[in-house]
2 protein chains.
Amino acid sequence: MATEGMAGLAKGLAVLEAFGASAPRLSISEAARATGLSRATALRCLNTLAELGYVAFDGKFFTPTPRVLRIGATYGETAALPQLAQPHLSAIREAIDESTSLAVRYETDSLFVARSEGARLLNTGVRVGARLPLYASSTGQVLLGSLTDSELSDYLATTEFTARTSHTPTTADAVAERIEAARTDGMAISNEELEPGLLSIAVPVLDPAGHIVAAISVSASTSRVTVDELRDRVAPVMQRHATALGRQL
Amino acid sequence: MATEGMAGLAKGLAVLEAFGASAPRLSISEAARATGLSRATALRCLNTLAELGYVAFDGKFFTPTPRVLRIGATYGETAALPQLAQPHLSAIREAIDESTSLAVRYETDSLFVARSEGARLLNTGVRVGARLPLYASSTGQVLLGSLTDSELSDYLATTEFTARTSHTPTTADAVAERIEAARTDGMAISNEELEPGLLSIAVPVLDPAGHIVAAISVSASTSRVTVDELRDRVAPVMQRHATALGRQL
DNA sequence: AAACACTGTTCGTTTTGCGAACATATGTTT
DNA sequence: AAACATATGTTCGCAAAACGAACAGTGTTT
C-alpha cells in the first residue's frame, strides 16, 4: 500500500461490522464467509475482539458486547450535530407524539445519528447507527438533494433499486422524481415505500452555507396518521426545529 | 501471546477509544500519548481508520465520523436487552416526564445501553455508550449489588473513590453502605453525588434467576423534583417496568 | 536566534500474521 | 452403523507487515 497502515485493524473492524440484525451471532466459518477472510484470520480477529471484551464467546458463537457502544459513543461524545439535535428531536417528539430521528448521508445509505423514541411502538429497526437505503427512505430522498448533478447521475446509474414494498420507487426516473419533489417541497413523504403500514416524513437541515447536512424524520403508522396530517400538522413543527438546529451549526 | 491474535486491531481500537468528550479531536502526538503507542504506530492506526472512513482528518487533527456508530449498532441490533428495554424507557419517560436510561456493569463503570431523553434539558453527558463510575452513580450503586462478597471486597479495595461533588461517597465504608441500602430498599437515590443539582434514582432489573443484570435510572434537577417525589411517585413506575422487563429476558 | 514541540518520512530490523494442511469433533443423511 | 458434510483447533515455515529511532522540515514560543 502507498502508506503503511494496519491491515489487521481493517480486518477486525470488518468482522465487527459483519454482526447485525441479520447476523446477531456468528461462528468462525460464518464470520469468514461474511468478510471474505480465511477461517484462521477470522478466528484471530474474533479472539482478539473477545480478549478485549468487544465480543463474547459461548463455545461456538461470538456475539457483540456492550463494550462496542464505547466505539459508537466516540462520535456522540465529540460531534456537535447529534448533541445539538437531541433537544430538538425531544421537542418534536413531545409535540407530535411519534418517534423522530436525525440522519446523515453515508455512502448509499441514510445513517441515523440521533433518535427520540415515541411511546407508540413501531418496529422499524431504526436506532442510532442503523442504516436505510437512500432511495427507499424519506430521509434519503431529502439527503440525495445535496448531491451535485454528476454525483446524482452516478448514484442513479450505479444503484440497484430493490423493492421493499410495492410502493418503493424502483426506476432511476421514479427516484429522481422523488428527489426533485423533495427539493421543491422542502420535505419528502414516504407512504409505505420502505415498509407496509409505515408513513414517514423528512425535512432537511441546512448549514449556514445552505447545504443539506442532515435530515430530520418522523415515522408513524398509516393506521394512526394520514399524509395530509403529516404535511399540515407535523411538517411545520419539524421545519421550525430543523431551521433552529441549522442556525446552531 | 498464548494464542495468535491481531495486535494491530487492539492498537487501533485503543486509538479509537481515546476519542471522547475530553478529547473530541486528536493529533498524532496526542493519540500516541493517550494510548502509550509510538507516534509512528499511532499514525498508522489513524491512517487506516481514516482510509476506512471511521475518522476524518483536517490536515492536523483526526475526529470520529458517523461510521463509528455502525460499530456501536452491532450491539443494539443484536442484543435483546436494549431492544426489549426501549419501550419501557419510553413509557417511563412518558409517565414521569424526565430522561431515563438503562445501564449495565462494565468493569468499574455503569455503561449506558439504552436511553430515552425527556424534553427538559439536563446536561449530564449521559448517552448510549457513556460510562459513569459505579460508586458515584445511582445505577452503579444498584449494579454493585450483583457482586459476590469477595468481588465487592476486591472492588472496594482497588477503587479510588474520587469526589465528584461534596456529596460523593469517598470511603469504602460509605460506598458499601450505599450498596447495602440499595439492596435493602430495592433502589438507590443519588442526591448531588455525581453532579451539583442532579438527582437520580435507579432500580434493578432482575433476570428470571433473580440476578441483577441491569439498572434503570431517572435523572432530574433538584430544582424540579424532591427525593420524596422520586421515592413515592417515580420509583413505583420504574419498578413496575423493571419487573416487566425482567420477565421478558 | 535559539529552543521547543510537532509532523512527515525513511528503512533496516524484528515481529506478526498468514493460510494450507492435518487431525478431530459434531451433526446429518443413508 | 456407516458414510458424508461441515465445522473447529492447531501447526509452522515463511513472507509481509509493522516497528520505531533517526532525520529533516515547519511553526511557535522565549
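Model, not experiment: these values are computed from the prediction.

So, how was this worked out
Residues numbered from 1 in each chain as written. Chains lettered and ligands numbered in written order. Predicted model: local features only at pLDDT ≥ 70, side-chain atom pairs only at ≥ 80, totals over all residues. Heavy atoms only, no water. Helix = DSSP H or I, 4+ residues; strand = E, 2+ residues; numbered from the N terminus. Expected span 1.5 Å × (residues − 1). Bend = angle between axes of the 7 residues up to and from the residue. Buried < 20%, exposed > 50% of the residue type's maximum accessible area, 1.4 Å probe, protein only. Contact = heavy atoms within 4.5 Å. Least-squares fit on C-alpha atoms with pLDDT ≥ 70 in both. Near = heavy atom within 4 Å. Polar contact = N/O pair within 3.5 Å; in protein donor to acceptor, adjacent residues only side chain to side chain. Nonpolar A, V, L, I, M, F, W, Y, C, P; charged D, E, K, R; others polar. Phe/Tyr/Trp six-rings, centres within 6.5 Å; stacked < 30°, edge-to-face > 60°. UniProt positions renumbered as here; feature names shortened; annotations may be inferred. Buried area = accessible area lost by both parts, 1.4 Å probe. Salt bridge = Lys/Arg side-chain N within 4 Å of Asp/Glu carboxyl O. Domains from an automatic or database assignment. Pairing = 2+ DSSP bridges. Axes fitted to C-alpha atoms, helices over the stretch in contact; angles between N-to-C directions.

Caption draft 1: Spatial organisation of helix H5 (residues 80-96) of chain A. The first and last C-alpha atoms of H5 of chain A sit 25 Å apart over 17 residues, in line with the 24 Å expected at 1.5 Å per residue. Of all the bends found along H5 of chain A, the most pronounced is centred on Gln 86 of chain A and spans about 30°, while Pro 87 of chain A, a proline, follows it within four residues. Among the residues of H5 of chain A, those classed as buried are Leu 81, Pro 82, Ala 85, Gln 86, His 88, Leu 89, Ser 90, Ile 92, Arg 93 and Ile 96 of chain A. Buried residues in H5 of chain A make contact with helix H4 (68-78), strand E3 (99-106), strand E4 (109-116), strand E8 (212-221) and helix H9 (227-248) of chain A together with helix H5 (80-96) of chain B.

Caption draft 2: Quick look at the relation of the copies chain A and chain B. The two copies are related by a screw motion: chain A maps onto chain B through a turn of 180° and a shift of 0.0 Å along the axis, at an RMSD of 0.0 Å. When the rotation and shift are considered jointly, the pair of chain copies conforms to a two-fold rotation axis. Taken together, the interface assignments show that 100% of the residues at the interface of chain A recur at the interface of chain B, consistent with an identical surface on both copies.

Caption draft 3: Focus on the protein's contact with DNA strand C. Neighbouring residues of DNA strand C: 18 residues in total, closest Arg 44 of chain A together with Ala 7, Ile 28, Ser 29 and Arg 39 of chain B. A breakdown of the atoms of DNA strand C within 4 Å of the protein gives sugar and phosphate a share of 46%. Contact distances for DNA strand C include 2.9 Å between a phosphate oxygen and a backbone N or O atom of Gly 5 of chain B. Take Gly 8 of chain B: an N or O atom from its main chain is 3.4 Å from a phosphate oxygen of DNA strand C. If you list the elements that add at least two residues to the surface near DNA strand C, you get helix H3 (39-52) of chain A together with helix H1 (7-17), helix H2 (28-35) and helix H3 (39-52) of chain B. Per-element accounting of the surface near DNA strand C gives the leading share, 4 residues, to H3 of chain A. Across the surface near DNA strand C, the residue classes tally to 5 nonpolar, 6 polar and 7 charged.

Caption draft 4: Geometry of the environment of Thr 48 of chain B. Inspection of the secondary structure puts Thr 48 of chain B in helix H3. Taking C-alpha positions, Thr 48 of chain B is 38 Å from Leu 194 of chain B, a pair spaced 146 residues apart along the chain. A distance of 2.8 Å separates a polar side-chain atom of Thr 48 of chain B from the backbone nitrogen of Met 6 of chain A.

Caption draft 5: How the structure looks around the packing of aromatic side chains. Residue and element names in this part refer to chain B. This structure, assessed with the given rule, holds 6 aromatic pairs over all chains. The interplanar angle of 20° and the centroid separation of 4.3 Å between the aromatic rings of Phe 57 and Phe 62 together place this pair among those described as stacked. Look at Phe 57 and you get partly exposed, because its relative accessible area is 44%. Between the aromatic rings of Tyr 135 and Phe 161, the centroid separation amounts to 5.1 Å while the plane-to-plane angle is 80°, which identifies the pairing as edge-to-face. Of the two residues, Tyr 135 is situated in the loop between strand E5 (131-133) and helix H6 (138-143) and Phe 161 in the loop between helix H7 (149-158) and helix H8 (172-185); the sequence distance between them amounts to 26 residues.

Caption draft 6: Expanded view of the UniProt feature "domain: HTH iclR-type" (unreviewed entry) in chain A. UniProt marks residues 6-73 of chain A with the feature "domain: HTH iclR-type" (unreviewed entry), using the numbering shown here. For residues 6-73 of chain A, the end-to-end C-alpha separation is 23 Å, with 57% helix and 9% strand making up the annotated structure.

Caption draft 7: Geometry of the interface of chain A and chain B. Between chain A and chain B, the contact holds 61 residues from the first and 62 residues from the second. For the chain A and chain B pair, buried surface summed over both sides reaches about 5700 Å², with 65% attributable to carbon and sulfur atoms. Among the residues of chain A in contact with chain B, Met 6, Leu 69 and Arg 70 of chain A are the three that bury the most area, contributing 12% of the side total. At the boundary of chain A and chain B, one finds 6 salt bridges. Of the charged contacts, one joins Arg 70 of chain A and Glu 17 of chain B as a salt bridge, the two residues approaching to 3.9 Å between their closest N and O atoms. Taken together, the connections running from chain A to chain B amount to 16 residue pairs in polar contact (both at pLDDT 80 or more). Elements with a minimum of two residues in the side of chain A that touches chain B: helix H1 (7-17), H3, H4, H5, E3 and E4 of chain A.

Caption draft 8: Highlighting the domain arrangement of chain A. The domains assigned to chain A are domain 1 (7-70) and domain 2 (79-248). Centre-to-centre, using C-alpha coordinates, domain 1 of chain A lies 31 Å away from domain 2 of chain A.

Caption draft 9: Region of interest: the protein's contact with DNA strand D. Residues in contact with DNA strand D amount to 18 residues; listed here are only the nearest, Gly 5, Ala 7, Ser 29 and Arg 39 of chain A together with Arg 44 of chain B. Each atom of DNA strand D within 4 Å of the protein was classed as base or backbone; sugar and phosphate made up 46%. In this structure, Arg 39 of chain A approaches DNA strand D through a side-chain N or O atom, which is 2.8 Å from a base oxygen. In the environment of DNA strand D, a phosphate oxygen lies 2.9 Å from a nitrogen or oxygen atom belonging to the side chain of Lys 11 of chain B. Of all the secondary-structure elements, those providing two or more residues to the surface near DNA strand D are H1, helix H2 (28-35) and H3 of chain A together with H3 of chain B. Grouping the amino acids of the surface near DNA strand D by side-chain chemistry returns 5 nonpolar, 6 polar and 7 charged.

Caption draft 10: Examining the environment of Glu 117 of chain B more closely. Residues and elements named next belong to chain B. Relative to the elements of secondary structure, Glu 117 occurs in the loop between strand E4 (109-116) and E5. Measuring from C-alpha to C-alpha, the distance between Glu 117 and Ser 99 comes to 4.4 Å, with 18 residues separating the pair along the chain. A distance of 3.2 Å separates a polar atom in the side chain of Glu 117 from a polar atom in the side chain of Arg 115.

Caption draft 11: Inspection of the pairing of E3 of chain A at higher detail. All names here are of chain A. With 7 of its 8 residues buried, E3 lies for the most part within the structure. Two elements, E3 and E8, share 5 bridges in a ladder whose sense is antiparallel. Bridging from a neighbouring strand, Leu 102 pairs with Ile 216 of E8. Once E3 ends, the chain turns through 2 residues before running back antiparallel as E4, passing Glu 107 with a positive phi of about 55°.

Caption draft 12: Highlighting the sheet that holds strand E6 (residues 188-191) of chain A. Residue and element names in this part refer to chain A. As summarised here, the arrangement of the 6 strands in space is E5-E4-E3-E8-E7-E6, forming an open sheet in which the pairing is antiparallel. Only two strands of the sheet have a single neighbouring strand rather than two, namely strand E5 (131-133) and E6. Pairs of neighbouring strands in the sheet enclose a mean axial angle of 30°, with direction left out of account. Across 4 bridges, E6 lies against strand E7 (residues 198-206) in antiparallel orientation. By the bridge assignment for E7, Ile 189 is matched with Ile 201.

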